[in-house]
Amino acid sequence: MVRQLGELENAIMTRVWQWNRPVTVREVLLDLRSEREIAYTTVMTVLDKLHRKGWLRRERAGRAYRYEPVSSREAYTAALMNDAWATSDNPAAALVHFFGLMSPEQREALRDALRVAALFPTDPPPPDSGPDTGETAAGPAR
């Protein structure tokens, strides 16, 4: 059930990004029904859940809501990956298994991403110790 819910969330988010405009529950429902039988209340619940998670914003339109994405598909994917990784008791082993599942193209994309990430380090640089005068805290060097 949890996997199905995640798949439904992804299917809904994909449609919202593709349409690139605010959407109603009914619009999403009609589109999803072309692939599977699904209840209006299920779609409404998932859209509400995505709103509460902060992935969709909504605005009243009469008696209904119109939903639109808050951020990009890439940010959403990164957050899903981070959430999955955070559940592991051994994050390093989880990464090794994840890398083993990757295609050669995905591994190349990972290498590219790591090169880009290296251009924007998130750790602050070490404090500047000033010019090297040859002195230590204990006094001048001999």
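Structure report, in brief.

In terms of helices and strands, the chain carries 6 helices and 4 strands. Counted from the first residue to the last, the chain has its helices and strands arranged as α-α-α-β-β-α-α-α-β-β. Here the chain holds 142 residues, and 18% of them are scored as buried. When contacts within the chain are restricted to residue pairs at least 6 apart in sequence, those whose partners lie at least 24 apart make up 42%. Put simply, the chain shows about 10900 Å² of open surface, and 57% of that area lies on carbon and sulfur atoms.

Evaluated as defined, the whole model comprises 12 salt bridges. A salt bridge links lysine 53 to glutamate 9; its shortest N-O distance comes to 3.1 Å. With lysine 53 in the loop between helix H3 (40-52) and strand S1 (56-61) and glutamate 9 in helix H1 (residues 2-19), this residue pair connects regions lying 44 residues apart in the sequence. In this structure glutamate 9 comes out as buried when scored by relative accessible area, which is 5%. Here the salt bridges do not stand alone but share partners, grouping Glu108, Arg111, Asp112 and Arg115 into one network.

Let's shift gears to the nonpolar core. Counting 20 residues, the largest nonpolar core has Ile12, Leu32, Val43, Leu47 and Leu50 as its most contacted members. It is H1 that provides the largest number of residues to this core, a total of 6 residues.

For lysine 49, the location among the structural elements is in helix H3. Classification of lysine 49 as partly exposed rests on a relative accessible area of 25%. For the pair formed by lysine 49 and glutamate 9, sequence separation is 40 residues and the distance between their alpha carbons is 8.9 Å.

Looking at chain direction, S1 and strand S2 (residues 64-69) are connected through 6 bridges and run antiparallel. Each residue of the ladder has a partner; that of arginine 58, found in S2, is tyrosine 67. Counting the residues in the hairpin turn of S1 and S2 gives 2 residues, including glycine 62, whose phi is positive at 70 degrees.

Attention now moves to the environment of leucine 56. The topology assignment puts leucine 56 in strand S1. Judged by its relative accessible area of 2%, leucine 56 is buried. Sequence spacing of leucine 56 and proline 22 is 34 residues, and the spatial spacing of their C-alpha atoms is 9.8 Å. Residues within four places of leucine 56 in sequence aside, it is in contact with Met13, Val16, Leu47, Leu50, His51, Tyr67, Glu68, Pro69 and Val70.

This part covers unusual backbone geometry. Phi at asparagine 20 is positive, roughly 55 degrees, even though this residue is not glycine. A residue is classified by how much of its surface remains accessible, and asparagine 20, at 68% relative accessible area, is exposed.

To continue, consider the packing of aromatic side chains. Tallied over the full model, the rule gives 4 aromatic pairs. Seen from their ring centres, tryptophan 55 and tyrosine 76 are 5.0 Å apart, and the 90 degrees between their planes marks the pair as edge-to-face. Of this pair, tryptophan 55 sits in the loop between H3 and S1 while tyrosine 76 is found in helix H4 (residues 73-86), placing the two residues 21 residues apart along the sequence. Measuring from centroid to centroid gives 6.2 Å for tyrosine 65 and tyrosine 67, while their planes differ by 55 degrees, and the two rings are tilted.

Rules of the game
- Residues numbered from 1 in each chain as written.
- Predicted model: local features only at pLDDT ≥ 70, side-chain atom pairs only at ≥ 80, totals over all residues.
- Heavy atoms only, no water.
- Helix = DSSP H or I, 4+ residues; strand = E, 2+ residues; numbered from the N terminus.
- Buried < 20%, exposed > 50% of the residue type's maximum accessible area, 1.4 Å probe, protein only.
- Contact = heavy atoms within 4.5 Å.
- Areas by Shrake-Rupley, 256 points an atom, 1.4 Å probe, with all protein chains shown as cover.
- Salt bridge = Lys/Arg side-chain N within 4 Å of Asp/Glu carboxyl O.
- Core = buried A, V, L, I, M, F, W, Y, C linked by side-chain atoms within 4.5 Å.
- Pairing = 2+ DSSP bridges.
- Phe/Tyr/Trp six-rings, centres within 6.5 Å; stacked < 30°, edge-to-face > 60°.

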